[in-house]
Amino acid sequence: MQGREARGAGGQLDMEGALVARDRVGIQDFVLLDETSETAFMDNLKKRFTGDLIYTYIGTLLVSVNPYKDLDIYNRKQMDIYMGVNFFELPPHIYALADNAYHTMLTELNNHFILISGESGAGKTEASKKILQYYAVSCPSTTLLDRVRDRMLVSNPVLEAFGNAKTLKNDNSSRFGKYMDIQFNSEGDAVGGHILSYLLEKSRVVHQNHGERNFHIFYQLVEGGEEELLRRLGLERDSQRYSYLVQGECANVPSINDRNDWKTVKNALQIMDFDESTIEHLFGVIASVLHLGNVQFEPDSKSYASLDTDAELGWVSTLLGISAQVLQEGLTYRKIEAKTDEVLSPFTVDHAIYARDALAKAIYGRTFTWLVGKINEAMENKDPSRKTVIGLLDIYGFEVFYVNSFEQFCINYCNEKLQQLFIQLTLKAEQEEYEAEGIEWEPVQFFNNKIICDLVEEKHRGIISVLDEECLRPGEATDLTFLERLEEKMGCHPHFVTHMLADKKTRKTLERGDFRLLHYAGEVTYCVVGFLDKNNDLLYRNVREVMRDSKNAIVRECFSGLEPDSRRRPETVATQFKSSLLGLTEILLAKEAWYVRCLKSNESKQPGRFDDVLVRHQVKYLGLMEHLRVRRAGFAYRRRYEVFLKRYKPLCPATWPHWHGVPSDGVEVLVQHLGYMPHEYSMGRTKIFIRHPRTLFATEDAYERCKHDLATRLQAKYKGYRAKGEFRRQKEAATKIETCWRGVQARKEKDRRAWAVKVIKKFIKGYMTRKEAKTTDNSEYLVFVRQSYLNRLKASLPQTVLDKTTWLTPPPVMRETSEILRQLNMRLMVRKYVRGITPQRKAQFQLKVITSAIFKGKKDSYPASVAQPFLDTRISEQDINMKVLQMIRNERIKYSVPVVKYDRNGFKPRDRQLILTTTAAYIVEEARVKQRLLYTTLRGVSVSNLTDNVVIFHVTCEDVKQKGDLVMQCDHLFEMLTKLSVVANKQGAIKVVQGSIKFEFQAGKENTVDFSTGQEPMAYKAKNGHLMVVSTRTRAR
Ligand SMILES: Nc1ncnc2c1ncn2[C@@H]1O[C@H](COP(=O)(O)OP(=O)(O)OP(=O)(O)O)[C@@H](O)[C@H]1O
Ligand SMILES: [Mg+2]
């Protein structure tokens, strides 16, 4: 086991876990105690026990101190905590050990066993139950496996009922040895179980010391059995009625609830698939033993044994299904074979009682063996695939009573053997490790109990041999002759004393019939009385034969097929036991060992009491100190280089964070850096060995401090790493989204382009066929053309009625429409224009229309005059002389304008006013009317076609005195003539003449006005006597 830390994950952190937790209560691992004195050991143990910490390690060995009270450390939560966690990372616990064994088994695929040792009442059975429960809960589960697992779990209460009893040491003392294999498949499921039982203390069936009880099942049946069942079995609900139950005088114990336990057992039998009849037979056997115990004998006249009453025997015969007669014979006679005859020899009363008890023991003992077989059947896994096992060894503990007999001898011998196994395994392993590592081995003084084992078991020389010899030799062998033989053979053995061999002082403590063995665990005085009988364990042949015919299937099975050769003596009990222990040792040696050492805290089963003397004694005989010393053997701590380096490398810059060389070199550099002195450590082949815990503690303290720094750094690194990761993730996500988005856009763009190409194609096609009739190819184009034309047209409509040029040239399809629109627009503008005209302007336009009708296209100055607005008059009435006004008062003045009148002869220009009234035109010079011209006399009016302003009024001239035609020049020629034409209704009389105009200046006398164009406008009398009017040429022409 000491090489355990060399293994995988399981044990690697053991010391380190303990180091971390060392300041809690005491020290979790004794290996780390600074001094290995017994006092320090005890102090630590007590300190922890007082703090309800019942578990402490010595390396991977678990020391457990019985608290005698329920601690809240075996619940589901605790199991979860320990599941799969490195062994020593958590406080010591039986679960940690169980878990470590389990995981080591799974990783290394080998077999293991957990040796639970300690004296009676130290807590072995409890520990083994806790381990089993842990596996039941922690292993993977399936419905099928659950069934096997349930059976394994319930096998405990059944076996305890049949194999445990209250003793002075323990209210639930195991009276048989039990080795249970739990089988696991490669997945780690618990798939089966197998139990080996060792030497049941059968004598208890017929005899109990004061303060002790028979096996629990008897009391459970009597106390808990259903009325109907009891009736069938002929039992009464009163344990006092049965002589096999009353000898210890303590049938009822407060700590034991037989009724509840009965229910548990019944339930367990059901879970294990015991059928009704088997259960009935089983309890028939138990009841028959009780009845048998009550069978009493009386001496008859010849002092031979005869039955007291038939009733009890009747029940035995009924329950076992054998004839009462035959049974009675078997109990009171012995069959002696004499050559060919069989002779019946009657028993004395004592002899009969002996035979009865022997039968009771035999029935019970064999039934127990049968029961173990039955339970094994229930837990058996028939699948042939390879399995690994963890064995749980829970054997009766070392015990010393006031009177110790053959049973104690066997039990203590068994413990002696296991101690021997422990010493062998631990010392051997330790020694091998030192040798393998090339570290100097410093031998540790320890007590090797081989000498005691030899004393008991050596062939021909050991106590068992002597006992067997005494049992087998002819002649009168008694327990005392056996003692004498012992004294002869062992006389000078240092571990063997008898009354005869002892010195004076010791002799006082020994009876004549006693021998004393100095066991590894202390002295035990054995009383030889009964040794021979118990070793022989004889059952008279006729009784055996009777049993073979039993109608009770269990009994029949138990007694059939055994010892066919009746003449050959069966092996004695001690020899059988010795061989079975040898077998057990072989089983165990083939497996990896784990140890639980149980200590009893006090003799009185009191919670919280720590009996120093008692505990110290156990610590001593269990060899815990030696184990500790061997474990440390000069070096308290050893660890593989890789493991040591892995843990402490942060303490040295050269090894942190990575050491790239060989681990041992790394460790050397590390310890040099830490300042280890040469005597403080040693370098093995694969491990470093550190001599004192304090060196390690200093390192560990440094590590603790550094861990915080490290944690912060790691945290920062980790956070950075996380943040980086997160950033990368986000970036990736963004890129992804971007890509997707781009894809979407690109696809849209593609669609758009495809659409555009289509549209453009259509457009071009439409364009090319635009002049053709509407087809599917150009229809859209034409629509577009129309729309576009209309839109453009809208923006560029002519702004005035006069604007005839702005109209947008239409595409061919719109020609007609365009024309309609143009006209519409024009009409609209005209309408608007017309609506916006005032009555004055209207009147003016009417005048202008008249002007136009007369002059348009005829007189050159006309176009320029169009824009000149006409006024109502050019001379206001104020500017007309009052006299003149008075003269023409009767006629309304319609229009007045200044004119230049050319004299008739000399053509002298004279400024005059021309006044038009409703009836006549007046030529006025200041206050004088120079000429009155009635419209009726106005023949015509002539003007030239040129730009001059000369106008000639032709008048009807009848007499010479009358003034003739008027030649005038008027700046407002068109205005004046238009007014005249309206007032005098002379429209048709106005003529535009080209060249010259003749006129009559006096009746019958003519002259001419010639018109021409020139540089400057002028009017003069030409040499021919004509009036010459020169006007400028209009540019437009
Ligand atoms: N871990 C524990 N917690 C609480 N009580 C315990 C514990 N271990 C043992 N006990 C108490 O001690 C009693 C004796 O324990 P147990 O039966 O396991 O002893 P043992 O070592 O098997 O003795 P024996 O050799 O007589 O069979 C138990 O019935 C229980 O009351
Ligand atoms: Mg036990």
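See the structure printed just above.
No experiment lies behind these values; they were computed from the predicted model shown.

Visitor: Quick rundown of the coordination of the magnesium ion (ligand 2)? Include the residues and the values.
Guide: The reference angle at a metal is 109.5 degrees if four donors form a tetrahedron and 90 or 180 degrees if six donors form an octahedron. Distances from the magnesium ion (ligand 2) to its protein donors, T125 (OG1) and S174 (OG), fall within 1.9 to 2.0 Å. Of this pair, T125 sits in helix α6 (residues 124-138) while S174 sits in strand β5 (residues 173-174), and the two are 49 residues apart along the sequence.

Visitor: An account of the sheet that holds strand β17 (residues 637-640) is requested, with residue identities and associated values reported.
Guide: By way of backbone hydrogen bonds, the strands of a sheet pair with one another, either parallel or antiparallel. Strand order in this open sheet of three strands is β17-β19-β18, and the pairing throughout is antiparallel. Edge strands, defined here as strands with exactly one partner in the open sheet, are β17 and β18 (681-683). The average angle at which neighbouring strand axes cross in this sheet is 15 degrees, direction not considered. The sheet contact formed by β18 and strand β19 (residues 687-690) spans three bridges and is antiparallel.

Visitor: Can you explain the packing of aromatic side chains? Please cite residues and give values.
Guide: Inspection of the entire model under this criterion finds 40 aromatic pairs. Here F274 and W370 contribute two aromatic rings whose centre-to-centre distance is 6.2 Å and whose plane-to-plane angle is 85 degrees, an arrangement assigned as edge-to-face. One end of the pair, F274, is in the loop between α12 (258-271) and α13 (276-294); the other, W370, is in helix α16 (residues 349-379), and 96 residues separate them in sequence. Measuring from centroid to centroid gives 4.6 Å for F422 and Y595, while their planes differ by 85 degrees, and the two rings are edge-to-face. Separated by 173 residues along the polypeptide, F422 in helix α17 (residues 406-437) and Y595 in strand β16 (residues 592-599) bring together distant segments of the chain. Across the pair, exposure class does not vary: F422 and Y595 are buried alike. Aromatic rings pair up to connect Y74, Y82, Y95, Y102, Y134, Y135 and F184 into one cluster. Positioned over the ring face of F870 is K848, at 4.3 Å from the centre of the ring.

Visitor: Give a detailed account of the side chain of R356, specifying residues and quantitative values.
Guide: Within the fold, R356 resides in helix α16. Other than its neighbours up to four places away in sequence, R356 contacts Y244, L292, G293, V295, Q296, F297 and L331.

Visitor: Go over the nonpolar core with me, naming the residues and quoting the values.
Guide: Residues I114, Y135, F218, F515 and F644 are the most contacted members of the largest nonpolar core, which totals 205 residues. Among the elements that make up this core, the one with the highest residue count is α16 (16 residues). Beyond its immediate chain neighbours, meaning those up to four positions away, Y135 contacts A98, A101, Y102, I114, I182, F184 and I390. Formed by 29 residues, the second largest nonpolar core is a distinct cluster that contains L938, V943, V951 and M968.

Visitor: Explain the packing of α13 against α16 residue by residue, including any values.
Guide: Two elements in contact, α13 and α16, have axes whose closest approach is 9 Å; the angle formed by their N-to-C orientations is 160 degrees. Classified by the angle their axes make, α13 and α16 are roughly antiparallel. For the element pair α13 and α16, the recorded crossing hand is left-handed. Touching T278, L282, V285, I286, V289, L292 and G293 of α13 are R356, L359, A360, I363, Y364, T367, W370, L371 and K374, all from α16. Of the residues in the contact of α13 with α16, the class split is eleven nonpolar, three polar and two charged.

Visitor: Go over unusual backbone geometry with me, naming the residues and quoting the values.
Guide: Cis geometry marks the peptide bond from W656 to P657, where omega comes out at 0 degrees. Along the chain, P657 falls in the loop between α28 (641-648) and α29 (663-674). Although it is not a glycine, L199 adopts a positive phi angle of roughly 25 degrees. Position of L199 relative to the elements: it lies in the loop between β7 (190-198) and α8 (203-206). When its relative accessible area of 28% is taken as the criterion, L199 is described as partly exposed. Although it is not a glycine, D273 adopts a positive phi angle of roughly 65 degrees.

Visitor: I'd like a description of the pairing of strand β20 (residues 893-902), backed by residues and values.
Guide: With seven of ten residues buried, β20 lies mostly within the body of the structure. When β20 meets strand β21 (residues 909-917), the two strands line up antiparallel, connected through nine bridges. By the bridge assignment, K901 is partnered in β21 with R910. The antiparallel pairing of β20 with β21 creates a hairpin that spans six residues between the two strands, and F907 there sits at a positive phi of about 60 degrees.

Visitor: Quick one: what's the story with the site of ligand 1, residue by residue and with numbers?
Guide: Near ligand 1, the surroundings consist of 20 residues, among which N66, S120, K124, T125 and S173 are the closest. N172 is positioned with one of its backbone polar atoms (N or O) 3.4 Å from an oxygen atom of ligand 1. Protein chains shield 87% of the accessible area of ligand 1, which is 620 Å² for the free molecule. Listed by contribution, the elements that provide at least two residues to the shell around ligand 1 are α6 and β5. If you tally residues by element for the shell around ligand 1, the top one is α6, at three residues. Within the shell around ligand 1, the residues separate by chemical class into six nonpolar, ten polar and four charged.

What counts and what doesn't
Sequence positions are assigned chain by chain, starting from 1 and proceeding in written order. For this description, chains carry letters from A and ligands carry numbers from 1, given in the order in which they are written. Predicted model: local features are reported for residues with pLDDT of at least 70 only, side-chain atom pairs are reported and counted for 80 or more only, and whole-chain, interface and lining totals are derived from all residues. By convention in this description, side-chain values take in all heavy atoms of the structure and omit both hydrogens and water. Each metal site is built from N, O and S donor atoms within 2.8 Å (3.2 Å for Na, K and Ca), and since water is not included, such sites may look incomplete. Each helix is a run of H or I in the DSSP string that is no shorter than four residues. Each strand is a run of E no shorter than two, and both are numbered from the N terminus. Two strands pair under a simple rule: DSSP has to find at least two bridges between them. In this description, a line fitted to the C-alpha atoms serves as the axis of each element, helices being fitted only across the stretch in contact, and the angle between N-to-C directions of two axes falls anywhere from 0 to 180 degrees. Only centres within 6.5 Å qualify two rings of Phe, Tyr or Trp (six-membered ring in Trp) as a pair; their planes then separate them into stacked at under 30 degrees, edge-to-face at over 60, and tilted for everything else. Buried means the residue's accessible area, taken with a 1.4 Å probe over protein chains only, is under 20% of the maximum for its type, while exposed means over 50%, and partly exposed covers the values in between. Charge-over-ring placement is defined geometrically: NZ (Lys) or CZ (Arg) within 6 Å of the ring centre, and within 35 degrees of the ring normal. Contacts are assigned to residue pairs that have any heavy atoms within 4.5 Å of one another. The definition of a nonpolar core used throughout is a set of buried Ala, Val, Leu, Ile, Met, Phe, Trp, Tyr and Cys residues joined through side-chain atoms within 4.5 Å. Between 65 and 115 degrees an angle is taken as roughly perpendicular, under 35 as roughly parallel, over 145 as roughly antiparallel, and anywhere else as oblique. By convention, the crossing between two helices is left-handed when the near helix turns anticlockwise from the far helix through less than a right angle, and right-handed when the turn is clockwise. Under the scheme applied here, ten amino acids are nonpolar (Ala, Val, Leu, Ile, Met, Phe, Trp, Tyr, Cys and Pro), four are charged (Asp, Glu, Lys and Arg), and all others, including Gly, are polar. Consider each residue's heavy atoms; a residue with any of them within 4 Å of a molecule or strand counts as near. Polar contacts here mean pairs of N or O atoms no more than 3.5 Å apart (in protein, one a potential hydrogen donor and the other a potential acceptor; neighbouring residues in sequence count only if both atoms are side-chain atoms). Computed with a 1.4 Å probe, the accessible areas rest on the Shrake-Rupley method; for each residue, only the protein chains presented here act as cover.

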